Amino acid sequence: MNYYSTNHQTPEVSLEEAVVKGLAADKGLYMPCSIAALTQSFYEQADSLSFQEIAYRVADAFFGEDIPADTLKQIVYDTLNFDVPLVPVTESIYSLELFHGPTLAFKDVGGRFMARLLSYFIQKEGKRQVNVLVATSGDTGSAVANGFLGVEGIHVYVLYPQGKVSEIQEKQFTTLGQNITALEVDGTFDDCQALVKAAFMDKELNERLQLTSANSINVARFLPQAFYYFYAYAQLKRMGKAENAVICVPSGNFGNITAGLFGKRMGLPVKRFIAANNRNDIFYQYLKTGIYTPRPSIATIANAMDVGDPSNFARVLDLYGHSHKAICEDISGATYTDEQIAETIRLVWKERRYLLDPHGACGFRALAEGLQPHETGVFLETAHPAKFKDTVERIIGEPVPVPEKLQAFMRGEKKSLPMSKDFAAFKQFLMGR
Ligand SMILES: *Cc1c(COP(=O)(O)O)cnc(C)c1O
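Residues numbered from 1 in each chain as written. Predicted model: local features only at pLDDT ≥ 70, side-chain atom pairs only at ≥ 80, totals over all residues. Heavy atoms only, no water.

For this particular structure, what's the right way to read the side chain of Asp 318?
With respect to the helices, strands and loops of the structure, Asp 318 is situated in helix 14 (residues 313-319). At 8.0 Å, Arg 265 is the nearest oppositely charged side chain to Asp 318, a buried residue that forms no salt bridge. Within the local environment of Asp 318, its side chain forms a polar contact with the side chain of Tyr 4, the two groups lying 2.4 Å apart. (Helix = DSSP H or I, 4+ residues; strand = E, 2+ residues; numbered from the N terminus. Buried < 20%, exposed > 50% of the residue type's maximum accessible area, 1.4 Å probe, protein only. Lys, Arg positive; Asp, Glu negative; His and termini not counted. Salt bridge = Lys/Arg side-chain N within 4 Å of Asp/Glu carboxyl O. Polar contact = N/O pair within 3.5 Å; in protein donor to acceptor, adjacent residues only side chain to side chain.)

Would you explain the site of the ligand in this entry?
Close contacts around the ligand come from 15 residues, with Lys 107, Gly 252, Asn 253, Phe 254 and Thr 382 the closest. Phe 254 is positioned with one of its backbone polar atoms (N or O) 2.8 Å from an oxygen atom of the ligand. Thr 382 is positioned with one of its side-chain polar atoms (N or O) 2.8 Å from a nitrogen atom of the ligand. Starting from 380 Å² of accessible surface for the ligand in isolation, the protein chains cover 97%. Along the lines of polarity and charge, the residues of the shell around the ligand split into 6 nonpolar, 7 polar and 2 charged. (Near = heavy atom within 4 Å. Areas by Shrake-Rupley, 256 points an atom, 1.4 Å probe, with all protein chains shown as cover. Nonpolar A, V, L, I, M, F, W, Y, C, P; charged D, E, K, R; others polar.)

Looking at this model, I keep getting lost on the packing of aromatic side chains. Mind explaining?
The relation between two aromatic rings is expressed through the spacing of the ring centres and the mutual angle of the planes. Inspection of the entire model under this criterion finds 21 aromatic pairs. The interplanar angle of 55° and the centroid separation of 5.3 Å between the aromatic rings of Tyr 120 and Phe 121 together place this pair among those described as tilted. Here Tyr 120 matches Phe 121 in class, with each residue buried. Grouped by ring-pair contacts, the aromatic residues Phe 62, Phe 63, Phe 113, Phe 222, Phe 227 and Phe 262 constitute a single cluster. If you follow Lys 73 out to its NZ or CZ, it ends over the ring of Tyr 56, 5.2 Å from the centre. Directly above the aromatic system of Tyr 320 lies the positively charged group of Arg 265, at a separation of 5.4 Å from the ring centroid. (Phe/Tyr/Trp six-rings, centres within 6.5 Å; stacked < 30°, edge-to-face > 60°. Lys NZ or Arg CZ within 6 Å of the ring centre and 35° of its normal.)

Which parts of the structure should I look at to understand helix 6 (residues 139-148)?
Side chains that are three or four residues apart share a direction in an α-helix, a result of its 3.6 residues per turn. Most of helix 6 sits out of view: 10 of its 10 residues are buried. Among the residues making up helix 6, those that are buried are Asp 139, Thr 140, Gly 141, Ser 142, Ala 143, Val 144, Ala 145, Asn 146, Gly 147 and Phe 148. Looking one or two places after helix 6, you find Gly 150, whose phi comes out positive at around 75°.

Which parts of the structure should I look at to understand the sheet that holds strand 10 (residues 272-277)?
Working definition: the strands of a sheet are paired by backbone hydrogen bonds and lie parallel or antiparallel to each other. Taken in spatial order, the 6 strands line up as 3-4-12-9-10-11 in an open sheet, and their pairing is mixed. Each edge of the open sheet is held by one strand with a lone partner, namely strand 3 (86-88) and strand 11 (331-335). For this sheet, the mean inter-axis angle between neighbouring strands, taken without regard to orientation, is 25°. (Pairing = 2+ DSSP bridges. Axes fitted to C-alpha atoms, helices over the stretch in contact; angles between N-to-C directions.)

Can you walk me through the sheet that holds strand 13 (residues 417-419) in this structure?
Strand order across the open sheet formed by 5 strands is 8-5-6-7-13, with parallel pairing between neighbours. Pairing within the sheet leaves two strands with one partner each, and these edge strands are strand 8 (211-213) and strand 13. Each adjacent strand pair in this sheet contributes to an overall mean axis angle of 30°, direction not counted. Bridge analysis of strand 7 (residues 180-185) against strand 13 gives 3 bridges, and the strand direction is parallel. Paired with Val 185 across the bridge in strand 13 is Met 419.

Before we go on, may I ask you to explain the pairing of strand 5 (residues 130-135) in this structure?
On a regular strand, one side chain projects to one face of the sheet and the next to the other, so that they alternate. In terms of burial, strand 5 is largely enclosed, as 6 of its 6 residues are buried. Of the strand pairs in this sheet, strand 5 and strand 6 (residues 154-161) are connected by 6 bridges, and their pairing is parallel. In the sheet register, Leu 133 faces strand 6, and the bridge partner there is Tyr 157. With helix 6 bridging strand 5 and its parallel neighbour strand 6, the resulting β-α-β unit is right-handed. (Right-handed = clockwise from strand over helix to strand, strands pointing away.)

Hey, could you run me through the layout of surface pockets in this one?
By rolling a water-sized probe across the atoms, one finds the places where empty space is left. The computed volume of the second largest pocket comes to approximately 160 Å³. Contributing elements (two or more residues each) for the lining of the second largest pocket: helix 4 (69-79), helix 5 (107-125) and helix 6. (1 Å grid on protein atoms, 1.4 Å probe; cavity = no way out; pocket = protein on both sides within 12 Å on 5 of 7 lines; lining within 4 Å. Points joined across faces, edges and corners; volume = space filled by probe spheres on them.)

I would appreciate a short explanation of the environment of Leu 183 in the present structure.
Position of Leu 183 relative to the elements: it lies in strand 7. Sequence separation between Leu 183 and Phe 426 is 243 residues, and the spatial gap between their C-alpha atoms is 9.8 Å. Apart from the residues lying within four places of it in its own chain, the contact partners of Leu 183 are Tyr 157, Val 158, Leu 159, Tyr 160, Leu 417, Met 419, Phe 426 and Phe 429. (Contact = heavy atoms within 4.5 Å.)

Explain the pattern of salt bridges to me, please; I cannot follow it from the model alone.
Here the idea is simple: oppositely charged side chains can pair when their charged atoms come close. Applying the stated rule across the entire model yields 19 salt bridges. Here Arg 295 and Asp 281 are joined by a salt bridge, their closest N and O atoms 2.7 Å apart. On the criterion of sequence distance, the pair formed by Arg 295 in the loop between helix 13 (282-289) and helix 14 and Asp 281 in the loop between strand 10 and helix 13 is long-range, its members being 14 residues apart. Its relative accessible area of 9% is what places Asp 281 among the buried residues. In this structure, Arg 411 and Glu 404 form a salt bridge, with 2.8 Å as the shortest nitrogen-oxygen distance. Glu 404 gets classed as partly exposed once you look at its relative accessible area, which sits at 47%. Ionic contacts of the salt-bridge type, sharing partners, join the residues Glu 170, Glu 184 and Lys 414 into one network.

Looking at this structure, I do not really get unusual backbone geometry. What am I missing?
Trans peptide bonds make up the majority, and among non-glycine residues the majority have a negative phi. Of note in the backbone geometry, Asn 244 takes a positive phi value of approximately 55° without being a glycine. Within the element layout of this structure, Asn 244 appears in the loop between helix 11 (226-238) and strand 9 (245-250). Overall, the relative accessible area of 35% leaves Asn 244 in the partly exposed class.

Would you explain the environment of Tyr 233 in this entry?
Secondary-structure assignment places Tyr 233 in helix 11. Looking at Tyr 233, the relative accessible area reads 11%, which means it is buried. Separated by 37 residues in sequence, Tyr 233 and Val 270 have C-alpha atoms that sit 8.1 Å apart.

Spelled out as C-alpha cells, the structure:
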C-alpha cells in the first residue's frame, strides 16, 4: 500500500520509504492511501481471540500487502508478549493497562514494532546501517531504546537534557549499551530537539549516516497502537459491555488517539472518543473554537503530555477532511490542572484503591465527568504510577512499590557521553562514528 503526505505536495511513497524517511519531503505526515474495514465475522469472534491474534488481523489490514504473512506474524507476536488487561475502577469505568511491557509505558509497542519493521527492510534490501536519532524528555527515549535494543543494522542515539529527567527514566536508556548510545546534552529538551532537527536538515550527515526518527510521526510507530483499541473492545465484549463504549485517551502528541480513530474507521464499534489534556489544552481549545493555535508548552505533573503543538493533529484533520464538525462528532475534549490531577489520584486511591499515574488520572476524570447513563468508559492507563514515583508519593502520602522490571534498570550502570548543545560539535561527533 502507498502512503501520501498530509501536505499533498510530494508523490506517494511505499511503506518502506515512509518508515525509513519518517517525515515526508514536504514536511507533511504520511497517511495510508486506504483504510480497510475488518470483516463482520472478525468483530463477532473478537471475544474469543487472544491479544496477539487480534493484533495480527489489524496489522495485516495495514501492512499485509507489504510484508510476508509469516514475517508480519512473527513481528506482531514478538512485540506483544505481554498482557493489556482491562481492569474495573468503578461500575462503569475501566482502565486499559498499557504498562505491562518492558519499560512500563504504552510506547513500548510502537517502539518495538517500528524497530522490527525497519530491521526487516534493512535486511531485505541489504542496506547499510540506519541511525535513529531521538530527543527525549524522559519516556520516549526509554521505549525507543528498549524497542531497538539488539536489533541488527540499526544504531540509536538518545539525546536527553542533563539533570532534567528523573533517575528512573535516565536509567532506562543509559544502562543498555549494545546499539544504544545515550548523549547527555548540556541544555534543555528543546535544545535536544533542535539538534535532532538540524541533523535531519544536514545533507552531508544524512548521506553519511542514513538518519531516521522514531517519534510518533513515523507510521510504523503510531499505527500499531491501534491494536490496543481492538483488544479493549474484545475484552468489553467478553463482559457483555461492548455497546456504547466511550474511549478516553490521555493525549500529548495525539499519536495514540489517532491510532484509535483509525480503528473506528476500520469499523471498530466505539461510540465516541475523549481526548484528555493537561493544561496544554491546544486541542481542547480547537474543539471549542474551530481554531488551532499552537503555543509553547508548559510544564505539568503529567509531563509526557506537555506538548504545545501536537504533531499528529495534521493526521486528525486529514482523516476528517478538515471538517471541525465531523471531528466534534467523534471526539470531545477535557483539560485538567495539576491540582485537579492530584485530587483525582488521591480520591481514586482512597475510595477505589486503584493507583492512577498522572496521565491516566486525566483520562479517568474525563470519563467520571463526561460519561452518560448506559455508556461504558475505558481510559488508557498509559504508564505505571511507579514511573512517576516522587510525584505520586507526594500526592497520596504513601510509598509506591516499584515493580521488579523497573528495579532491574535501577541496578544497571549509567553510561552516557556528554554532548554540547552546539550543532557543530554534535555533527563532528556523528561524522566521526
Ligand atoms: C507519550 C505519552 C502520552 C501521550 O501520548 P501521545 O500519543 O503523544 O498523545 C501519554 N501518557 C504517557 C505516559 C506517555 O508516555
